[in-house]
Amino acid sequence: MTSALVLSACGNGDKGAAASPAATPKPSEAAKGTAAPSDGKFVLGQKPLELSFYGNYDWYNMPVWGADAATKWIQDNLKVTVKPIPNGGKAAQKLSTMIASKELPDVIWGDRGPDVEKLREAGMLVPLDPYLDKYPNLKKWAGDATLNMLRSPDGKLYQFPNWYTQRPNGNAGYMINKKIYDELGSPKLETLDEFHNYLKLVKSKYPDVTPFEPGIQGQGIDILYSAFANDNPVTHIPNRAKPNGDKLGSIIADPVFRESLQFANKLYREKLMTQDALTQTQDQVKEKINNGKVAIYASSTGTEMGSAGTQALKAKDPSHPGYTFIWPVRKDGVDKDKVWPGHYNTLGWNVAVITKTAKDPEAIFAFWDWMTGDEGSRTLFWGPEGMYWKGTDADGSPKFTDLYFSDQKGLAKLMNDLINLQWTGNTTYIDTAKSKVEAALPEDKKNYETKWQSEVTWKTSYNWTQFVNMSPLPNTPEGIANQSVKDIFLTARAKAIQAGNEADVITIMDKAEKDAQAAGYDKVLQYQTTKWKENKQKLGVK
């Protein structure tokens, strides 16, 4: 699963959760198949449902269905079995082969965008609209605005979203090494000047520590961009477009973006930042964090890395305070409540589509809809009822059992086992339940990630839904130009960060803007502006 959400627990156990004496839950009445399909609906548990599933990612290998407590419960009580179609580590090639042979799996799970539209245009997908009111969980939790954003150009809905949300989420922000911070007198860390001075202090006192660690691909450098103006989210950087009145303009020419690059360049030249920020691997970053060799870390995976790093440091020294989060730093004059180091969109991460190969697409939708509802979400996140939760409160959130708090290893193992089986994630439901239970715990018992998500990263995450789906298809004139602009942008960004002085940063970006315009940048921005206006219309945003 994408780390942007960090909905997993950390750690491993020697025993699976199913080994617990409490792990023999009774099926709910619905799961027993006792409900009569008075309206012609497919009722889970009344007859077997078997479906084939393809995960369209090179890295994805579907876990064995029924090998964990949750999917075994589903298999036993709802009579659903999911059979994986392996991709052999070459997902795109495998998908192309299946499309060409017209031998598709029942369900394909992957990114929104070109692959979905390619299948739709070939007439290979089942529209989901006829099922939305009949099986109401998706419509209830996602909402019409989000579903409308997922509709294809023909106006129909083919995509079932994963980890969609109606509330902020995300893990991006600034994480600090608390031990170093305390030893340096806990100075104020609110403005960019204070941030810069602190990094210089770290360098002078701890020569073997990286003052500022921006993670892989320089993610923390993009996060710094949010500090230079009000309502200036990192969203504009991957889109390479920034609102300028009623149009989208060049991020390369944006004075605020250039100023942020000059600041990053200063940190680089003064060796206050990792010198291989654009080329280092995630494992290299983890090693530094886990060994306490980072003073400040900023990236999209902050709470995940902070949790793992804190555990690693405490394992070596139980008195080590680990890592903590600070409110995002900002330039003087910028409102602290208008700084957005992270972003989220209501559409979530990726999508599942049902192909016309499926013998009973309605049954598959019924199962998908159950998974994204209250009971399915609880089951596929914390396991079946009777283990780590039993019953629900008035809001439908699970009531966690004593085992939830006492068997952290078993719970962590179960949750890790389920990560790659969560295809219809309902972020609003899961995060609400997590926050509710964590709020009631004493400080020393709170989950690291949920604590800092609730206190900092969710509060500073920008809703960028109006800016999604703005990339043109690769084989169109706009798409070809977009790839050229992307290449020019990334090359210029790298050169600017490593430039000899701040004046050179501007020279580099001036040339990049000229090259990008020659490559068709204006054409791309016009396309993106059109998409942006369409998005705002669908969302009811002015």
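Each remark here, short or long, concerns the structure printed above.
Okay, so let's go over this structure. (Residues numbered from 1 in each chain as written. Predicted model: local features only at pLDDT ≥ 70, side-chain atom pairs only at ≥ 80, totals over all residues. Heavy atoms only, no water.)

**Quick notes on the overall build of the chain**
If you tally the helices and strands in the chain, you get 21 helices and 15 strands. A compact globule built from 542 residues should have a C-alpha radius of gyration of about 24 Å, and the chain, at 24 Å, falls within 12% of that. For the chain, the spread of C-alpha atoms along the three principal axes comes to 70 × 60 × 45 Å. Taken across its 542 residues, the chain has 55% of its residues classed as buried. In the chain, the proportion of contacts linking residues at least 24 apart, taken out of those at least 6 apart, comes to 77%. Summed over its atoms, the accessible surface of the chain is roughly 23,000 Å², and 51% of this surface lies on carbon and sulfur atoms. Both charge centroids of the chain, one from 66 positive and one from 64 negative side chains, sit 1 Å from each other. (Helix = DSSP H or I, 4+ residues; strand = E, 2+ residues; numbered from the N terminus. Rg over C-alpha atoms; globule rule 2.2 N^0.38 Å. Buried < 20%, exposed > 50% of the residue type's maximum accessible area, 1.4 Å probe, protein only. Contact = heavy atoms within 4.5 Å. Areas by Shrake-Rupley, 256 points an atom, 1.4 Å probe, with all protein chains shown as cover. Lys, Arg positive; Asp, Glu negative; His and termini not counted. Charge placed at Lys NZ, Arg CZ, Asp CG, Glu CD.)

**What to know about the sheet that holds strand 5 (residues 173-177)**
Strand order in the open sheet made by the 4 strands is 6-9-5-10, with mixed pairing throughout. Two strands bound the open sheet, and with one partner strand each, they are strand 6 (210-213) and strand 10 (323-326). In this sheet, adjacent strand axes meet at a mean angle of 20 degrees when their direction is disregarded. Pairing analysis gives 4 bridges linking strand 5 to strand 10, with the strands arranged antiparallel. Bridge pairing links Ile176 to Thr324 in strand 10. Helix-sheet contacts for helix 18 (residues 448-457) involve strand 5 and strand 10, and the interaxial angle to strand 10 is about 15 degrees. (Pairing = 2+ DSSP bridges. Axes fitted to C-alpha atoms, helices over the stretch in contact; angles between N-to-C directions.)

**Some remarks on the sheet that holds strand 1 (residues 49-55)**
Spatially, the 5 strands line up as an open sheet ordered 2-1-3-12-4, and their pairing is mixed. Lying at the two open borders of the sheet, with one neighbouring strand each, are strand 2 (80-84) and strand 4 (160-161). Across 5 bridges, strand 1 lies against strand 2 in parallel orientation. Across the sheet, residue Leu51 finds its bridge partner in strand 2, namely Val82. Taken strand by strand, helix 13 (residues 361-372) contacts strand 1, strand 2, strand 3 (107-110), strand 4 and strand 12 (351-354), and its axis lies near 75 degrees from that of strand 1.

**Details of the nonpolar core**
Phe53, Phe195, Phe367, Trp368, Trp382 and Trp423 are the most contacted members of the largest nonpolar core, which has 139 residues in total. Looking at this core element by element, the count peaks at 8 residues for helix 13. Residues contacting Phe195, with those up to four places away along its chain left out, are Tyr174, Leu189, Phe212, Leu224, Phe263, Leu267, Ile296 and Val329. One finds Ile289, Tyr297, Leu313 and Phe325 within the second-largest nonpolar core, a separate group that totals 12 residues. (Core = buried A, V, L, I, M, F, W, Y, C linked by side-chain atoms within 4.5 Å.)

**A short note on the environment of Lys409**
With respect to the secondary-structure elements, Lys409 resides in helix 16 (residues 408-418). Linking Lys409 and Lys94, residues 315 residues apart in sequence, is a C-alpha distance of 37 Å.

**Considerations on the packing of aromatic side chains**
If you walk through the whole model with that rule in mind, you get 36 aromatic pairs. Geometry around Trp327 places Lys336 over its ring, the cationic atom sitting 5.0 Å from the centre. If you follow Lys536 out to its NZ or CZ, it ends over the ring of Trp532, 4.0 Å from the centre. (Phe/Tyr/Trp six-rings, centres within 6.5 Å; stacked < 30°, edge-to-face > 60°. Lys NZ or Arg CZ within 6 Å of the ring centre and 35° of its normal.)

**Considerations on helix 18**
Spacing of three or four residues puts side chains on the same side of an α-helix, whose turn is 3.6 residues. Helix 18 sits mainly inside the fold: 8 of its 10 residues count as buried. Here helix 18 has its buried residues at Tyr448, Glu449, Thr450, Lys451, Trp452, Gln453, Val456 and Thr457.

**Some details on the pairing of strand 5**
Within a regular strand, side chains alternate between the sheet's two faces. When you tally the buried positions in strand 5, you get 5 out of 5 residues, the bulk of the element. Note that strand 5 and strand 9 (residues 294-299) share 4 bridges and pair antiparallel. Bridge pairing in strand 9 places Gly173 opposite Ser299.

**Structural notes on the pairing of strand 1**
Counted residue by residue, strand 1 has 6 buried out of 7 residues, so it is predominantly covered. Chirality of the crossover, the property in question, places the unit of strand 1, helix 1 (residues 69-78) and strand 2 among those that are right-handed. Where strand 1 and strand 3 come together, 3 bridges link them in parallel fashion. For Gly55, the partnering residue across the bridge sits in strand 3 and is Trp109. (Right-handed = clockwise from strand over helix to strand, strands pointing away.)

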